[in-house]
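Residue-level listing of the chains:
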Amino acid sequence: MRRVGGVLAALVLLGGVLFAVLHRAPADDGGITVVKGVIGSEKREFFADPEVVAELKAQHLRVDAITTGSWQMADADLTGNDFAFPASLSPAEEIRAKRGVSGEPVRPFYSPLVVIAHAPVAEVLRSNGLAARAESGVWTFRMDQYLDAVRRDRNWSDLKDVAGHAELAGAVYVTTTDPATSSSGALHLAEVSYLANERRVVSDEAGVGRVKDLVRKVTAMQGDQKTSSDGPFKDFLSNVGSPLVLVYESQVAALTAQGRPTGDLVVLYPDTTVSSDHTMVGLTDNGKKLADLLRDDAKLRALAVRYGFRPQGDPGAFGTALNAKAGPVFAPDLSAAGIQQAPVPAVKVLNQLVDAAKGK
Amino acid sequence: MSMRTVAGRVLLAGLAVLVAGCTSAGPGPVRTSGDPVAPTARAGVLRVLAGSELQDMAPVLEEARKATGVSVQFAWTGSLDGADAVSSGRADGKYDAVWFPSDHYLRLDDGGKAKLATESPVMVSPVAVGVRTSVLGDLGWGDGSTVTWAQVADAASAGKLSYGMADPTRSNSGFSALVAVASAFSGANSALTDADVQKASPSLKQFFAGQKLTSGSSGWLAQAYGRAEPGRIGALVNYESVLLSLNRTLPADAQLTVVRPTDGVVSADYPLALLASAGQSERESFQRLTAYLLKEDVQRRISETTLRRPVTPGVAPAAGLPADRRRELPFPGSKAVADGLLASYQNELRRPSRTVYVLDTSGSMSGGRLASLKSAMARLTGSDDSRGTTRFRDREEVTLISFASRVKSTKTHSVPARNSGAELASIDRDVQALGADGGTAVYSSLEEAYRVIDRQQSTAKDDRFTSIVLMTDGESNEGASADDFKAFYQGLPSSGRAVPVFPILFGDAAKGQLQGIADLTGGKLFDGTGSLEGAFEEIRGYQ
């Protein structure tokens, strides 16, 4: 009996270890709480950073996150998750409304939408009045001129100085993600609709009616669109993508902040752009705790800059960290660089714009 | 059973898992830090529905298993069939992830899009034209770096360039090429519309006049290129990576020069996509595997192993991958346009097919087997087929040879170029009238099929994709022997020897005999023992 008991005790002990190794239940080694959530793909590397992991661990948290398109999150079954962290306010509002989440949403950091191009293409844009370069080296993308080119069906072959660029053929357009699934695509529509509505945010059906042809056009000409911001950026970096791609500034700045090469990539700030307010919706107390930490913890703020984000609570951190690095030129202060922000329409109107863009 | 015994068994089972976990994780390299999901390598299996092109990732995935503890279990299918499986929900619970050259087609379906939780491009390869280097010289195309799709179409319609291309209704490489040429020929400046497809049709017909080989998979296409008589096939349309990899095994006189037409390409970016239905443990395995595959050293290894291009910044592509850029042609943004283009290809643009079915109706087929055959054939005459994947195509010539101890009947149907419903119904009536009795004379019946084709070719003097499907449920026990058939086949003129036989394994068929027939004629053996319908449908990609 005794021996059997000993074997059983050993098995129980092994079983306990086994359970910890295989399942890592909440509150495993030393009171660490596992916080589960869904994040936009642009934040994957931030949460994977060993220093972020270490700082969260020091705060007794471990994040287990899966990436997905921001608008996909709003429609997804989020059961079992502690938080959702889309790339903009609108899907966050949608998630809060659908799940009756109380309390203010937390916006730990933000990042403006930018257009990326290879240097020779940026020069073609400049010589055709579609882009400008300031003395500071900051490039801007001239949205009114661009939308005018779209309205008039301008092709690359209509522009001057395109000879020798085999990749510059067909219509001039900016490639975005699918506005129905991804926040960068939807924010692009916010920016286009604001400009098309004489610099007023679209707020009603009459406004949607005024801009719907243009938002449909900038979407339809792209054909199939990727669901998440990671896709078009990776395509661009692998040298096969479209010449003009809309991405988050953070996607490029992350590479630069980490000293990783981006070749001849140029960052063009649309002269009227939209910033993505990376907005955290805490679905449980643990999720809310994580949201507060991301906003307030000095170490996590500094680490956010490593991934190209601009911390809300520390406006100078981005420029300080990026200025010393080799690579594309960033605008440390957006308003000083003359870059205006388009307001984002209410969720209901934005949804109408997305439907108009998709021809629904 | 006492509680204690139950607990003991559970623990023992758990222990076995632990041991198995250690074993399969293997003595791989120590994990690098930075992956928060898995502090230690753990056993995990990811069931992945994938395009067969990804077989070349085997060495990388073996290293991934050692480093992450995640093993990938592949099930292979074509890109578009895979998209159907995901959209319809058939992949839910059966697979954890999908990995195709592209999710373009899948994304066009809102239902399919919702089935994917997340996707991450892993590597990139444009669809290109591999031109036999000697042919390149004859065409005056220099090193191939300035060739356009229009030049390819001109050479094809002038009979100077014959090529192989996979079936666009099944394979992403064929579909991408079809989109690229339709864009180029229509002069579309942005994503294709129905009007663009109409406008491109005459040029597309010229282009497809040169298509001499079709295939349901890019693997078989490469084999067929290898065994075709010298000079018969001058080019292959396929991924840049497949063409360059093929050069590693081809003899000097068959080497291919990769042409990426300067008017634009459609590229595959191989997104590894997690299904929304996947469980928690699989989702962790997915994250670990994706993070590993995107590491700089792994991306370099992928590029060198597969000759695809890396997606992680700062990683140089493998030697031999040219750096000059091409316009990336937009993919259609609506399923209606995509399906319309595919249906036009099948029913209007491509060279028509001559398809001969040699169907065993011996005594052993009676009952359930004959019923299976009839329902499988009925699928090919149905109308529920939006992109023209399965049914007999407009302009297709279909011959049904029913045999037992000898050929019982031979019936030929020509599906008209439009209003094909009546002829399809007539084919189905012939199929439903089949009855089973008698022995099994496989080889004699095949010989008759070749004679029928020879007569049809000399009467019509036309130029069609020609092939034979052989369905039998038993061993050949009457008529000509395997050796007789081999001698017969080798005595055929080259036009006859170019006709492959696609045998279907069914019932008590002799696998060795059927494999021998496939090998001799340059065909491919299909397994109908699981699903006869599935085999008949899959073969459509080769006809």
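Residues numbered from 1 in each chain as written. Chains lettered and ligands numbered in written order. Predicted model: local features only at pLDDT ≥ 70, side-chain atom pairs only at ≥ 80, totals over all residues.

1. Considering the overall build of chain A
Alright, step 1. Of the regular secondary structure elements, chain A holds 15 helices and 12 strands.
Alright, step 2. A compact globule built from 360 residues should have a C-alpha radius of gyration of about 21 Å, and chain A, at 23 Å, falls within 12% of that.
Alright, step 3. Dimensions of chain A, computed from the C-alpha atoms along their principal axes, are close to 90 × 45 × 35 Å.
Alright, step 4. The burial tally for chain A puts 53% of its 360 residues in the buried class. (Helix = DSSP H or I, 4+ residues; strand = E, 2+ residues; numbered from the N terminus. Rg over C-alpha atoms; globule rule 2.2 N^0.38 Å. Buried ≥ 20, exposed ≤ 12 C-beta atoms within 10 Å, placed from the backbone.)

2. Section: the overall build of chain B
Alright, step 1. Along its length, chain B carries 21 helices and 18 strands.
Alright, step 2. For 543 residues, the compact-globule estimate of 2.2 N^0.38 gives 24 Å, and chain B sits close to it at 25 Å.
Alright, step 3. The principal-axis extents of the C-alpha atoms in chain B amount to approximately 70 × 70 × 45 Å.
Alright, step 4. Relative to its full complement of 543 residues, chain B shows a buried share of 53%.
Alright, step 5. A separation of at least 24 residues holds for 76% of the contacts in chain B among residues at least 6 apart in sequence. (Contact = placed C-beta atoms within 7 Å.)

3. Focus on the interface of chain B and chain A
Alright, step 1. Taken together, the 48 residues of chain B in the interface contact 47 residues of chain A.
Alright, step 2. Of the residues belonging to the side of chain B that touches chain A, the class tally is 20 nonpolar, 15 polar and 13 charged. (Nonpolar A, V, L, I, M, F, W, Y, C, P; charged D, E, K, R; others polar.)

4. A word on the sheet that holds strand S18 (residues 526-527) of chain B
Paired through their backbone hydrogen bonds, the strands of a sheet run either parallel or antiparallel.
Residues and elements named next belong to chain B.
Alright, step 1. Strand order in the open sheet made by the 6 strands is S15-S14-S13-S16-S17-S18, with mixed pairing throughout. Every other strand in the sheet has two partners, leaving strand S15 (407-414) and S18 as the edge strands with one partner each.
Alright, step 2. In the sheet, strand S13 (residues 353-360) pairs with strand S16 (residues 465-472) via 7 bridges, with the strands oriented parallel. The partner of tyrosine 357 across the bridge, within S16, is valine 469. (Pairing = 2+ DSSP bridges.)

5. Overview of the environment of alanine 182 of chain B
Residue and element names in this part refer to chain B.
Alright, step 1. With respect to the helices, strands and loops of the structure, alanine 182 is situated in helix H8 (residues 172-186).
Alright, step 2. Look at alanine 182 and you get buried, because 27 C-beta atoms sit within 10 Å.
Alright, step 3. Taking C-alpha positions, alanine 182 is 6.2 Å from valine 197, a pair spaced 15 residues apart along the chain.
Alright, step 4. Dropping the residues within four chain positions of it, alanine 182 is found in contact with Leu192, Asp196, Val197, Ala200, Leu204 and Leu341.

6. Considerations on the sheet that holds strand S4 (residues 116-121) of chain B
Residues and elements named next belong to chain B.
Alright, step 1. Ordered by their spatial adjacency, 5 strands build an open sheet running S2-S1-S3-S11-S4, and the pairing between neighbours is mixed. Because the sheet does not close on itself, it has two edges, and the strands there are strand S2 (70-76) and S4. For this sheet the average axis-to-axis angle between neighbouring strands, irrespective of direction, equals 25°.
Alright, step 2. Sheet analysis places S4 next to strand S11 (residues 271-275), joined by 5 bridges and oriented antiparallel. (Axes fitted to C-alpha atoms, helices over the stretch in contact; angles between N-to-C directions.)

7. Observations regarding the domain arrangement of chain B
Alright, step 1. Considered domain by domain, chain B is made up of domain 1 (21-124 + 269-310), domain 2 (139-267) and domain 3 (352-542).
Alright, step 2. Summarising the inter-unit geometry, the C-alpha centres of domain 1 of chain B and domain 3 of chain B are found 38 Å apart. (Domains from an automatic or database assignment.)

8. Examining the packing of helix H15 (residues 368-379) of chain B against helix H21 (residues 532-539) of chain B
The axes of two packed helices give the description: the angle between them and the distance between them.
Residues and elements named next belong to chain B.
Alright, step 1. Two elements in contact, H15 and H21, have axes separated by 9 Å at closest approach and are oriented at 35°. For the pair H15 and H21, the sense of crossing is right-handed. Note on element contacts: H21 touches H15 through Leu532, Glu533, Phe536 and Glu537, opposite Ser372, Leu373, Ser375, Ala376, Met377 and Arg379.
Alright, step 2. For the contact of H15 with H21, the residue count by class is 5 nonpolar, 2 polar and 3 charged. (Left-handed = near helix turned anticlockwise from the far one by under 90°.)

9. As for the nonpolar core
Alright, step 1. Counting 214 residues, the largest nonpolar core has Ile116 and Leu268 of chain A together with Ala97 and Val98 of chain B as its most contacted members.
Alright, step 2. It is H8 of chain B that contributes the most residues to this core, 9 residues altogether.
Alright, step 3. Contact partners of valine 98 of chain B, with chain neighbours within four places excluded, come to Val48, Leu49, Ala50, Gly82, Val86, Ala91, Ala273 and Leu275 of chain B.
Alright, step 4. Counting residues in hydrophobic clusters, the runner-up holds 45 residues, among them Ala376, Val398, Ile517 and Phe536 of chain B. (Core = buried A, V, L, I, M, F, W, Y, C linked by C-beta atoms within 7 Å.)

10. Description of the pairing of strand S14 (residues 397-403) of chain B
Every other side chain in a regular strand lies on the same face of the sheet, so the side chains alternate between the two faces.
All names here are of chain B.
Alright, step 1. Burial runs high along S14: 5 of the 7 residues are buried.
Alright, step 2. Here S13 pairs with S14 via 7 bridges, running parallel. Bridge assignment links tyrosine 357 to a residue of S14, and that residue is leucine 400.
Alright, step 3. Two strands pair when backbone bridges link them, and S14 and S15 are joined in this way by 7 bridges, in the antiparallel orientation. Its bridge partner being in S15, glutamate 397 is matched across the sheet by serine 414.

11. Observations regarding helix H9 (residues 194-208) of chain B
Alright, step 1. Along H9 of chain B, the sharpest change in direction is near 55° and occurs at serine 201 of chain B; proline proline 202 of chain B comes one to four residues later.
Alright, step 2. Within H9 of chain B the residues assigned to the buried category are Asp196, Val197, Ala200, Ser203, Leu204, Phe207 and Phe208 of chain B. (Bend = angle between axes of the 7 residues up to and from the residue.)

12. Looking at unusual backbone geometry
All names here are of chain B.
Alright, step 1. Of note in this structure, tyrosine 270 is not a glycine but carries a positive phi near 45°.
Alright, step 2. Counting through the fold element by element, tyrosine 270 comes out in the loop between strand S10 (267-268) and S11.
Alright, step 3. For tyrosine 270, a count of 29 C-beta atoms within 10 Å puts it in the buried group.
Alright, step 4. Here lysine 461, not a glycine, exhibits a phi torsion of approximately 50°, which is positive.

13. Describing the packing of H15 of chain B against helix H16 (residues 421-432) of chain B
Residue and element names in this part refer to chain B.
Alright, step 1. At a minimum axis separation of 9 Å, H15 and H16 run at an interaxial angle of 175°. In terms of their interaxial angle, H15 and H16 are classed as roughly antiparallel. Residues Lys374, Met377 and Ala378 of H15 form the contact with H16, whose participating residues are Asp428, Val431 and Gln432.
Alright, step 2. Of the residues that constitute the contact of H15 with H16, the class distribution is 3 nonpolar, 1 polar and 2 charged. (Parallel < 35°, antiparallel > 145°, perpendicular 65-115°, else oblique.)

14. Description of H8 of chain B
All names here are of chain B.
Alright, step 1. Taking 1.5 Å of rise per residue, 15 residues should cover 21 Å, and H8 covers 21 Å from first to last C-alpha, within 8% of that figure.
Alright, step 2. Counting buried positions along H8 gives 14 out of 15 residues, so the element sits mostly inside the fold.
Alright, step 3. Two residues or fewer past H8, glycine 187 is found with a positive phi of approximately 70°. (Expected span 1.5 Å × (residues − 1).)

15. A few points about the pairing of strand S7 (residues 211-215) of chain B
All names here are of chain B.
Alright, step 1. For S7, a buried count of 5 out of 5 residues is recorded, marking the element as mostly surrounded by other parts of the structure.
Alright, step 2. Where strand S6 (residues 163-166) lies against S7, 4 bridges are found, and the strand directions are parallel. Within the sheet, the bridge partner assigned to glycine 164 lies in S7 and is leucine 213.

16. Description of the domain arrangement of chain A
Residues and elements named next belong to chain A.
Alright, step 1. Taken as a whole, chain A is organised into domain 1 (2-110 + 276-323) and domain 2 (112-275 + 336-357).
Alright, step 2. For domain 1 versus domain 2, the separation of C-alpha centres amounts to 30 Å.
Alright, step 3. Each partner contributes to the interface: domain 1 provides 26 residues, whereas domain 2 provides 26 residues.
Alright, step 4. For the side of domain 1 that touches domain 2, the elements supplying multiple residues, two or more each, are helix H4 (70-75), helix H5 (89-99), strand S10 (275-282), helix H13 (298-306) and helix H14 (317-323).
Alright, step 5. No other element matches H5, which puts 5 residues into the side of domain 1 that touches domain 2.
Alright, step 6. Along the lines of polarity and charge, the residues of the side of domain 1 that touches domain 2 split into 11 nonpolar, 9 polar and 6 charged.

17. Some details on the confidence of the model for chain A
Alright, step 1. With 92% of its residues at a pLDDT of at least 70, chain A reaches an overall mean of 88.
Alright, step 2. Under a pLDDT of 50 for its full length, residues 1-28 of chain A has, in the predicted model, 18 contacts with residues more than four places off or in other chains. (pLDDT = per-residue confidence, 0-100.)

18. Section: the environment of serine 414 of chain B
All names here are of chain B.
Alright, step 1. Residue placement: serine 414 occurs in strand S15.
Alright, step 2. Classification of serine 414 as partly exposed rests on a count of 15 C-beta atoms within 10 Å.
Alright, step 3. Each C-alpha atom of the pair serine 414 and glutamate 478 lies 31 Å from the other, and the pair is 64 residues apart in sequence.

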